[in-house]
Amino acid sequence: MPGPTSSGDAASLRTPRLLLRRWQDEDLDGLAAVNAQPEVMRYIHDGRTLDRAATAERLAIYQRHWDEYGFGLYAVELRETGELAGFTGLATPTFLPEIMPAVEIGWRFGRAYWGRGLATEAAQAVVAHTRAELGLRRLVSIHVVGNEASARVMVKLGMSLERETVQPDTGRRVRVYAMDL
């Protein structure tokens with residue numbers, strides 16, 4: 001498993017192929033392109049794509065989360081090209097009140113970046129950083145039933161199925177995976 005290297009307050013993490021970094025305003029177009037892909041968004045919230053304006057709102061939320069909690073979702077770019085591939089990182093899964101308080105590890109990558117192990121590589125770096133630096137004792141990840149690729153990443157991270165439930169705001173069946181740190 002590749003180990004992350006941190007710079008100061010973990011504003012960035014590096015893996016052999018990826019740079020995980022704090023969001024910049026210039027990331028809006030790249031993130032909007034990811035969020036506009038139906039295949040990518042199929043298992044996110046209610047399955048609808050997000051337009052540029054909705055993506056801008058999400059980006060502002062991601063930035064505020066960092067300010068409020070001291071951790072959050074990282075923009076993930078390919079080190080070789082500088083392309084924004086998607087994101088991975090930590091969030092608070094308030095959309096699933098029955099598991100709160102909790103910290104969730106999650107990821108979203110553009111379709112062109114699937115099948116290369118990038119989500120696993122990025123998530124492993126976040127888990128390693130979380131263990132070493134953040135003092136959290138547990139992580140969860142939410143698997144929308146049917147999204148088996150995401151579930152495989154959870155298992156590769158060492159997570160185990162904890163429960164099955166329904167996401168209240170969408171009615172979707174989800175599985176909660178968890179790991180102690």
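Residues numbered from 1 in each chain as written. Predicted model: local features only at pLDDT ≥ 70, side-chain atom pairs only at ≥ 80, totals over all residues. Heavy atoms only, no water.

### Quick word on the packing of aromatic side chains
Then, number 1: Considering all chains together, one arrives at five aromatic pairs under this definition.
Then, number 2: Between tryptophan 23 and phenylalanine 87, the aromatic rings sit 6.2 Å apart at their centres with planes inclined by 70°, giving edge-to-face as the arrangement. Residue tryptophan 23 is found in the loop between β2 (18-21) and α1 (28-35), and its partner phenylalanine 87 is found in strand β4 (residues 84-91); the two are separated by 64 residues along the sequence.
Then, number 3: A relative accessible area of 7% means that tryptophan 23 is categorised as buried.
Then, number 4: On the accessibility criterion, phenylalanine 87 (5% relative accessible area) is buried.
Then, number 5: Among the aromatic residues, those joined into a ring-pair cluster are Trp23, Tyr62 and Phe87. (Phe/Tyr/Trp six-rings, centres within 6.5 Å; stacked < 30°, edge-to-face > 60°. Helix = DSSP H or I, 4+ residues; strand = E, 2+ residues; numbered from the N terminus. Buried < 20%, exposed > 50% of the residue type's maximum accessible area, 1.4 Å probe, protein only.)

### Some remarks on the pairing of strand β6 (residues 138-144)
Then, number 1: β6 sits mainly inside the fold: six of its seven residues count as buried.
Then, number 2: Bridge count between β6 and strand β8 (residues 173-180): seven bridges; the pairing is antiparallel. From the neighbouring strand, histidine 143 faces β8, where its bridge partner is arginine 175. (Pairing = 2+ DSSP bridges.)

### As for α1
Then, number 1: Within α1 the residues assigned to the buried category are Leu28, Leu31, Ala32, Val34 and Asn35. Down the axis of α1, the buried side of the element spans an arc of 160°, and every buried residue falls inside it.
Then, number 2: Residues of α1 that are buried in the fold lie against α2 (38-41), α3 (52-69), β4 and β5 (104-109). (Arc of directions from axis to C-beta. Contact = heavy atoms within 4.5 Å.)

### A short note on the nonpolar core
Then, number 1: Leu20, Ile105, Trp107, Phe109, Leu139, Leu157 and Met159 are the most contacted members of the largest nonpolar core, which has 29 residues in total.
Then, number 2: Of all the elements in the fold, those that place two or more residues in this core are β2, β3 (73-78), β4, β5, α4 (118-134), α5 (148-156) and β8.
Then, number 3: Counting residues per element, this core draws most heavily on α4, at six residues.
Then, number 4: Apart from residues lying up to four places away in sequence, methionine 159 is in contact with Ile105, Leu139, Val140, Ser141, Met154, Tyr177, Ala178 and Met179. (Core = buried A, V, L, I, M, F, W, Y, C linked by side-chain atoms within 4.5 Å.)

### Describing the pattern of salt bridges
Then, number 1: Evaluated as defined, the whole model comprises 11 salt bridges.
Then, number 2: Arginine 52 is the partner of aspartate 29 in a salt bridge, and the nearest nitrogen-oxygen pair spans 2.9 Å. With aspartate 29 in helix α1 and arginine 52 in helix α3, this pair connects stretches of sequence that are 23 residues apart.
Then, number 3: A relative accessible area of 49% places arginine 52 in the partly exposed class.
Then, number 4: With a closest N to O distance of 2.1 Å, glutamate 162 and arginine 138 form a salt bridge. In this pair, glutamate 162 sits in strand β7 (residues 160-166) while arginine 138 sits in strand β6, placing the two residues 24 residues apart along the sequence.
Then, number 5: Using a relative accessible area of 37% as the deciding quantity, one classes glutamate 162 as partly exposed.
Then, number 6: Taken together, the shared-partner salt bridges in this structure form one network comprising Arg21, Asp27 and Glu77. (Salt bridge = Lys/Arg side-chain N within 4 Å of Asp/Glu carboxyl O.)

### Here we look at the side chain of glutamate 77
Then, number 1: Assignment of secondary structure puts glutamate 77 in strand β3.
Then, number 2: A polar contact of 2.8 Å, which involves the side chain of glutamate 77, links it to the side chain of arginine 21.
Then, number 3: Each residue touching glutamate 77, except ones within four places of it in the same chain, is listed here: Arg17, Leu18, Leu19, Arg21, Gly82, Glu83, Leu84 and Ala85. (Polar contact = N/O pair within 3.5 Å; in protein donor to acceptor, adjacent residues only side chain to side chain.)

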